[in-house]
Amino acid sequence: MATLIDGKQISQQVIDEVATEVADFSAQYGSAPGLAVVLVGEDPASQVYVRNKVKRAEEVGMNSIEHRLPMDCSQETLNKLIDELNANPAVHGILVQLPLPDHLNEEEVIEAISAEKDVDGFHPMNVGALACGEATLIPCTPLGCMIMLKQQFGDLSGKNAVVIGRSNIVGKPMAALLLQANCTVTIVHSRTQNIESICSQADIVVAAIGKPEFVNSGWVKPGAVVIDVGINAIERDGRRKLVGDVDFADVEPIASAITPVPGGVGPMTIACLMKNTLTAAKALEAKREQTLKAS
Ligand code: GUN
């Protein structure tokens, strides 16, 4: 039987730390950190994610502003909103929920967000900083996975880690963080040959492929630690159910530790968004103070 890595509990620790620091920040600067969340269209899953992000921000004492744009909104309208948020001193963090409708250019949107307010860590400046080991704003899901892994293992040095999936949101930044923590890192993906045999060598498996219950016990070395990033809605026995990218019932008996879905990576992602918003707010306000002093 594997140890369950309790994302709810670990995320609450992160949230409590952030809330304490937010109170200090608000006392020092006279207003709370501000997070702007932008949602284009009405994708039901995105609506739930955005609602949870806004709710959590308010719980930790931040100001949270939700901007909803219609499905058919133009690139110009979205860019204009981002420009306004970039210029607004009360906004310290900007998040545009992805995926965007097909007619909008995701890269252009990500690059339009000021790197200092990019609490997702998706801007090329922040991606570059992560590659150099100098990042301050790190993508929330991989950051959450690392916090859980460090709680489980302590030092990760020398571990064989396999990341399944190569997305910009999870797979690539996850691999960068594991490498920075001195793991030996392999990324496998849809074109990888012998994917099962590569995965089954790993001490740490991070599954981020977006395919329900794809990873089974044949992929996992007995005693490995398994982090399941997937959140897939499926129907089973006539009921809607959330499952991960890992077949939990099959893998749990052989893993040494595993994250559940729900209650694993999901709450960590939101907690890390709060952490990043606080980091951005502190850096922006410190910079403003410096500028004032110098003038
Ligand atoms: N869609 C799925 N995950 C994320 C995320 O971490 N940030 C944003 N902006 N969109 C997402």
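Draft legend 1. Broad picture of the sheet that holds strand 1 (residues 3–4). Sheet architecture is open: 6 strands sit in the order 1-11-8-7-5-6, paired in parallel fashion. Two strands in the sheet have a free side with no partner beyond their single neighbour: strand 1 and strand 6 (184–188). Here 2 bridges tie strand 1 to strand 11 (residues 257–258), and the two strands are oriented parallel to one another. The partner of Thr-3 across the bridge, within strand 11, is Ala-257. Across the face of the sheet, helix 6 (residues 140–153) comes into contact with strand 1, strand 7 (204–207), strand 8 (225–228) and strand 11 while running at roughly 160 degrees to strand 8.

Draft legend 2. Geometry of the site of the ligand. By nearness alone, every residue bordering the ligand is listed as Leu-95, Val-96, Gln-97, Leu-98, Asp-120 and Phe-122. Within the contact set of the ligand, a nitrogen atom lies 3.3 Å away from a side-chain nitrogen or oxygen of Gln-97. At 2.9 Å from a nitrogen atom of the ligand is found a main-chain nitrogen or oxygen belonging to Leu-98.

Draft legend 3. Broad picture of the nonpolar core. If you look at the biggest cluster of nonpolar residues, it comprises 51 residues, and the most contacted ones within it are Leu-149, Leu-178, Ile-227 and Met-274. Of the residues forming this core, the biggest block, 9 residues, is contributed by helix 10 (residues 265–294).

Draft legend 4. Main features of helix 7 (residues 171–180). Considered for burial, the residues of helix 7 that qualify are Gly-171, Pro-173, Met-174, Ala-175, Leu-177 and Leu-178. Residues of helix 7 that are buried sit in contact with helix 5 (124–131), helix 6, strand 5 (160–164), strand 6 and strand 7. Asn-182 sits one or two residues past helix 7 and shows a positive phi near 70 degrees.

Draft legend 5. Representation of the layout of surface pockets in the model. One number sums up the size of the second largest pocket: a volume of about 190 Å³. If you trace the second largest pocket, you find it lined by Ala-115, Glu-116, Met-125, Asn-126, Ala-129, Glu-134, Ala-135, Thr-136, Leu-137, Thr-279, Ala-280 and Ala-283. Of all the secondary-structure elements, those providing two or more residues to the lining of the second largest pocket are helix 5 and helix 10. When grouped by side-chain class, the residues that make up the lining of the second largest pocket number 7 nonpolar, 3 polar and 2 charged.

Draft legend 6. Region of interest: the state of the cysteines. For the coordinates displayed, the defined rule picks out 0 disulfides. The thiol of Cys-145 is unpaired, and the distance to the nearest cysteine sulfur, on Cys-272, comes to 8.7 Å. Its sulfur unpaired, Cys-199 is 15 Å from the next cysteine sulfur, which belongs to Cys-183. Under the relative-accessibility criterion, Cys-199 is labelled buried at 0%.

Draft legend 7. Broad picture of the packing of helix 6 against helix 10. Axis separation between helix 6 and helix 10 bottoms out at 8 Å; the angle between their running directions is 110 degrees. As far as their axial angle goes, helix 10 and helix 6 are roughly perpendicular. Residues Cys-140, Thr-141, Leu-143, Gly-144, Cys-145, Ile-147 and Met-148 of helix 6 touch helix 10, and the partners they reach there are Val-265, Met-268, Thr-269, Cys-272, Leu-273, Lys-275 and Asn-276. For the contact of helix 6 with helix 10, a count of residues per class yields 9 nonpolar, 4 polar and 1 charged.

Draft legend 8. Structural detail: the packing of aromatic side chains. Throughout the structure, instances matching the rule amount to 2 aromatic pairs. Between Phe-214 and Trp-219, the ring centres sit 5.5 Å apart and the planes meet at 65 degrees, which makes this aromatic pair edge-to-face. Residue class for Trp-219 comes out buried when judged on its relative accessible area of 6%. Across from the ring centre of Phe-214, 4.9 Å away, lies the NZ or CZ of Lys-211, which sits over that ring.

Draft legend 9. View of the sheet that holds strand 3 (residues 63–69). On the basis of which strands lie adjacent, the open sheet formed by 3 strands has the order 3-2-4 and parallel pairing. Strands with a single pairing partner mark the edges of an open sheet, and in this sheet they are strand 3 and strand 4 (93–96). Direction aside, neighbouring strands of the sheet carry axes that sit 15 degrees apart on average.

Parameters and conventions
Residues numbered from 1 in each chain as written. Predicted model: local features only at pLDDT ≥ 70, side-chain atom pairs only at ≥ 80, totals over all residues. Heavy atoms only, no water. Pairing = 2+ DSSP bridges. Helix = DSSP H or I, 4+ residues; strand = E, 2+ residues; numbered from the N terminus. Contact = heavy atoms within 4.5 Å. Axes fitted to C-alpha atoms, helices over the stretch in contact; angles between N-to-C directions. Near = heavy atom within 4 Å. Polar contact = N/O pair within 3.5 Å; in protein donor to acceptor, adjacent residues only side chain to side chain. Core = buried A, V, L, I, M, F, W, Y, C linked by side-chain atoms within 4.5 Å. Buried < 20%, exposed > 50% of the residue type's maximum accessible area, 1.4 Å probe, protein only. 1 Å grid on protein atoms, 1.4 Å probe; cavity = no way out; pocket = protein on both sides within 12 Å on 5 of 7 lines; lining within 4 Å. Points joined across faces, edges and corners; volume = space filled by probe spheres on them. Nonpolar A, V, L, I, M, F, W, Y, C, P; charged D, E, K, R; others polar. Disulfide = S-S within 2.5 Å. Parallel < 35°, antiparallel > 145°, perpendicular 65-115°, else oblique. Phe/Tyr/Trp six-rings, centres within 6.5 Å; stacked < 30°, edge-to-face > 60°. Lys NZ or Arg CZ within 6 Å of the ring centre and 35° of its normal.

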